[in-house]
Amino acid sequence: MFLLLSLFVAGAAAFGSPRPHIVIMIADDLGWNDVGFHGSDQYPTPNIDALAYNGVILNKHYVQQTCSPSRSALMTGRYPIHTSMQGFPILAAEPNGLPLDYKILPEYLQELGYRTHAVGKWHLGFFRTNYTPLQRGFETHLGYYTGYTGYYDYMAQVRNGDQIVTGLDARRNGTVAWDIVGKYSTEVWSQEAVRVIKNHNPEEPLFLYFAHNAVHASNRGRLLEAPQGRVNSFKYIVDPNRRTFAAMVSKVDDTIGDLVEALKEKEMLDNTIILFFSDNGAPTTNADFPNWGSNWPFRGAKETLWEGGVRSPSFIWSAALQENPRVSNSFIHITDWLPTLYSAAGGDRLFLPKDIDGVDQWRTIFWDLASPRDQALLNINERERSAGIISRLDTPFPTYWKLIVGTFANGRFDGVYNDVRSPANPPYDYKKILNSRAYKAINTYSIPATKELSMKYLRGQATVGCGNVRQVNDLVPDCRSHPCLFNLDRDPCERLDLAPNNTDIVQKMYNTLKVYRLGLLAQSNQPLDLPAANPINFNNTWSSWRV
C-alpha cells in the first residue's frame, strides 16, 4: 500500500487514479516560537507536534509579511507584486480584492475532479460578490470575509478617521450566519471542517481550505479571547495576555486533533496530505493589534521582511512521508504550494500558467532533495519604499543571502523579540504528544518518531539558536541609507550587516530587485468606500456593496 501511495503522491499516477485528499490549515499571526516543535515549552501543542514530528518540518518556509498578500500568493502561485496585492491587507470597507483575472488553487483542483470547501477567513475581497469564495472555486464556505472578527460576537471593525465602523461578519455560503454568534469561532470552524469530512464521498478527492482567525488579535478593547476554563489551565504564565494567547493556540491545536480523527474515522487519512503554516509572523506586543505571540529568536514581527515576519512555523504530513520524518531545510516560498499541490494531485505542470512564480517542490519534499528554488522575492512595496530578497549564491559555497532595502513602520518592529523562556515553564512533555488524539489517529502507520529520543532529535534540528539576542537589540541597522546584507546560514537572526564588505553580492542582489521592480503592478489598495460600505446599510452586517 505504501509503495502504491508513494508512487502516486510522487506524481507518477495518471489522470483518473485515486488522487490524494488535500487539507491546508492556516493559523493567523502565529509566531515561530509559538509551537512546541520549534523549541517552545511554555505551553503544549501536542497535536501539532505529533504531525510535525511524523511528517516533514519545513524550517525554511517563507510567506508574505501580512495576511492578504500571503493568501494571494498561496492562491495564485504569484508574488504579490504580480497581482497588485503587495500593499496593506484589505480593509473591511475597501473596494479591493484579488483580481479576477487570475485562476486560483481551488479552481485548478476542481479541474482535476476535486470537491472544494473553505472554512474560516477569506480576506481576498468581498466588495463585489464575484470576489467571494463561492465565486472563486469553492463549493461551500462557512467563515468571514474581512481580516479579523470577534471570537464570540463576529464583529469586525475599521477605523475611518476618528470613527470606528463596526458590523457583523459571519457567512455561510454568502448568507449571514446569525446562528453561530455567541459560539467560540475556533470551535465553530473545527466543527464545520469535521462536518465537511463526514459528509464527503471518499471516492472523490477533497480539498479543504481551513483558515483560522486564531491567533489574530480581535477588536479594540477585547484583543484576545478564549474559553475561560482553557485560560485557567495556564495559570503559571504570569502575563495575563500571554496566558490568553496560550489558550487560543491550545484551541487551534485541538482542531488538528478533531481534523485527523475525522479523517481517520472516514478512512481517508491514509490518502490525505495535510499542510500547516502561519500566514505571517506574530505582531507580538508593539503593533496596533498586538497578540503577544513570539517570533523568538528571530528579529522583527508581522509587517516586516525580517525573519520574524516572513519565516513561518510549518509542516506537511502524509502517511507516505512518515516513512522518512525529518526537518527539511529546503528553501520553499508560499507561492510554491499551487504547483506543488497540483503536482501531488497528479496534475500536469503544462496546464499551469508559465508566468507563475511558484516552483513545484513535491519531489523535493517527498524524496528529500535539494530545493529547485535559488531565490525568493520577499516583497517590494513601492509606497513604503521597502524591499527584500533571498538568494542562494555560490560564495564560494552555496549560501543563503538576504538583502533588505528600507525599513518597516519606521523601524518600530525591527528589534521585537518577545522571548518567553522562563523557569516557570513546565518541562516539554513528549508523553503528551504520544497521548494526543492526532498521534493516536496516525499510529497505525510506520512511525520512526514514536520514540522520545527521535522526537528530541527532530526538535533539536528544528530549533534555531542565535545566542543571547537581547545583547544586540540596539544594533538594528538602518537599511534606508544603504541596503543591508545578511548571511542567513550563519546569522539567521540578522544581527550583523555584511553589506560594507560584500559590495559585489549587494550589487548582484540589488540588480535582481531592480529587474523585479520592472514587472511590478501598482498596488491596488484604495481609500475606504464610506458611507456606501457601512454595515448600517445592510442590517449592520458587512456585505458586498457594489454590483
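Let me sum up the structure you'll find in this document. Everything numeric here is computed off the predicted structure, so don't read it as measured data.

**Focus: the pairing of strand β10 (residues 206-211)**
Most of β10 is tucked away: 6 of the 6 residues are buried. Burial along β10 is two-sided: the face carrying Leu206, Leu208 and Phe210 and the face carrying Phe207, Tyr209 and Ala211 are both buried. Here 5 bridges tie strand β1 (residues 21-27) to β10, and the two strands are oriented parallel to one another. When the sheet's bridge partners are listed, isoleucine 24 is paired in β10 with tyrosine 209. Alignment of strand β4 (residues 115-121) against β10, held across 6 bridges, turns out to be parallel. Within β10, the residue paired with valine 119 across the bridge is phenylalanine 210.

**Comments concerning the packing of helix α2 (residues 46-53) against helix α7 (residues 240-265)**
Their axes nearest at 7 Å, the elements α2 and α7 cross at an angle of 60°. Between α2 and α7, the angle falls in the class oblique. Contacts from Pro46, Asn47, Ile48 and Leu51 of α2 reach α7 at Asp253, Asp254, Ile256, Gly257 and Val260. The residue makeup of the contact of α2 with α7, split by class, is 5 nonpolar, 2 polar and 2 charged.

**With respect to the packing of aromatic side chains**
Applying the stated criterion across every chain, the model contains 26 aromatic pairs. Ring plane angle 80° and centroid distance 6.2 Å describe the contact between phenylalanine 37 and phenylalanine 315, whose orientation is recorded as edge-to-face. Of this pair, phenylalanine 37 sits in the loop between β1 and α2 while phenylalanine 315 sits in strand β12 (residues 314-317), and the two are 278 residues apart along the sequence. Neither residue differs from the other here; phenylalanine 37 and phenylalanine 315 are each classed as buried. The interplanar angle of 80° and the centroid separation of 5.7 Å between the aromatic rings of phenylalanine 126 and tryptophan 545 together place this pair among those described as edge-to-face. Of the two residues, phenylalanine 126 sits in the loop between β4 and β5 (140-144) while tryptophan 545 sits in the segment after α14 (503-518), which places them 419 residues apart along the sequence. Take tryptophan 545: its relative accessible area is 12%, and that puts it in the buried class.

**Points about the pattern of salt bridges**
Side-chain pairs of opposite charge can arise where the charged atoms are in close proximity. As enumerated under the stated definition, the model contains 28 salt bridges in all. The partner of aspartate 279 in a salt bridge is arginine 71, with the nearest N and O atoms 2.7 Å apart. Of the two residues, aspartate 279 sits in the loop between β11 (272-278) and α8 (307-310) while arginine 71 sits in helix α3 (residues 67-76), which places them 208 residues apart along the sequence. By relative accessible area, which is 1% here, aspartate 279 ends up buried. One salt bridge connects arginine 78 with aspartate 355, and the closest N-O pair in it is separated by 2.7 Å. Taken together, the residues span a long stretch of sequence, with arginine 78 in the loop between α3 and α4 (105-110) and aspartate 355 in the loop between α9 (337-344) and α10 (362-367) at a distance of 277 residues. Connected via shared salt-bridge partners are Asp28, Arg71, Lys121 and Asp279.

**Description of the sheet that holds β1**
Strand-to-strand pairing in sheets goes through backbone hydrogen bonds, with the strands running parallel or antiparallel. With respect to topology, 10 strands assemble into an open sheet ordered β9-β8-β5-β4-β10-β1-β11-β12-β2-β13, the strand pairing being mixed. Single-partner strands in this sheet number two, and they are β9 (175-176) and β13 (326-328). Relative to β13, strand β2 (residues 56-58) is paired through 3 bridges, and the arrangement is parallel. From the neighbouring strand, valine 56 faces β13, where its bridge partner is arginine 326. Where helix α5 (residues 185-198) meets the sheet, its contacts fall on β4, β5 and β10, and the angle it forms with β10 comes to roughly 180°. Most of the contacts of α7 go to β11, to which it runs at about 170°, and overall it touches β1, β10 and β11.

**What about the environment of tyrosine 53?**
On the secondary structure map, tyrosine 53 appears in helix α2. A C-alpha to C-alpha distance of 7.1 Å links tyrosine 53 and arginine 326, two positions 273 residues apart in sequence.

**Description of unusual backbone geometry**
Look at the link from alanine 214 to valine 215: it is a cis peptide, with omega at 10°. As for its placement among the helices and strands, valine 215 is situated in the loop between β10 and α6 (228-232). Look at aspartate 29: it is not a glycine, yet its phi comes out positive at around 65°. One non-glycine residue, asparagine 173, lies in positive phi territory at about 50°. Take asparagine 173: it is sitting in the loop between β8 (171-172) and β9.

**A short note on the state of the cysteines**
Under the criterion given, the structure shown has 2 disulfides. Each disulfide pairs two cysteine sulfurs, and for cysteine 466 the partner residue is cysteine 493, the sulfurs being separated by 2.0 Å. Disulfide cysteine 466-cysteine 493: torsion about the S-S bond near 80°, hence right-handed. Of this pair, cysteine 466 sits in the loop between α13 (452-462) and β18 (484-487) while cysteine 493 sits in the loop between β18 and α14, and the two are 27 residues apart along the sequence. By relative accessible area, which is 0% here, cysteine 493 ends up buried. Across the disulfide, cysteine 479 is cross-linked to cysteine 484 (sulfur-sulfur distance 2.2 Å). Judged by the torsion about the S-S bond (-110°), the cysteine 479/cysteine 484 disulfide is left-handed. In terms of burial, cysteine 479 and cysteine 484 fall into one category: buried. Taken in N- to C-terminal order, the disulfide-linked cysteines of the chain are connected 1-4, 2-3.

Parameters and conventions
- Residues numbered from 1 in each chain as written.
- Predicted model: local features only at pLDDT ≥ 70, side-chain atom pairs only at ≥ 80, totals over all residues.
- Heavy atoms only, no water.
- Buried < 20%, exposed > 50% of the residue type's maximum accessible area, 1.4 Å probe, protein only.
- Helix = DSSP H or I, 4+ residues; strand = E, 2+ residues; numbered from the N terminus.
- Pairing = 2+ DSSP bridges.
- Axes fitted to C-alpha atoms, helices over the stretch in contact; angles between N-to-C directions.
- Parallel < 35°, antiparallel > 145°, perpendicular 65-115°, else oblique.
- Contact = heavy atoms within 4.5 Å.
- Nonpolar A, V, L, I, M, F, W, Y, C, P; charged D, E, K, R; others polar.
- Phe/Tyr/Trp six-rings, centres within 6.5 Å; stacked < 30°, edge-to-face > 60°.
- Salt bridge = Lys/Arg side-chain N within 4 Å of Asp/Glu carboxyl O.
- Disulfide = S-S within 2.5 Å.

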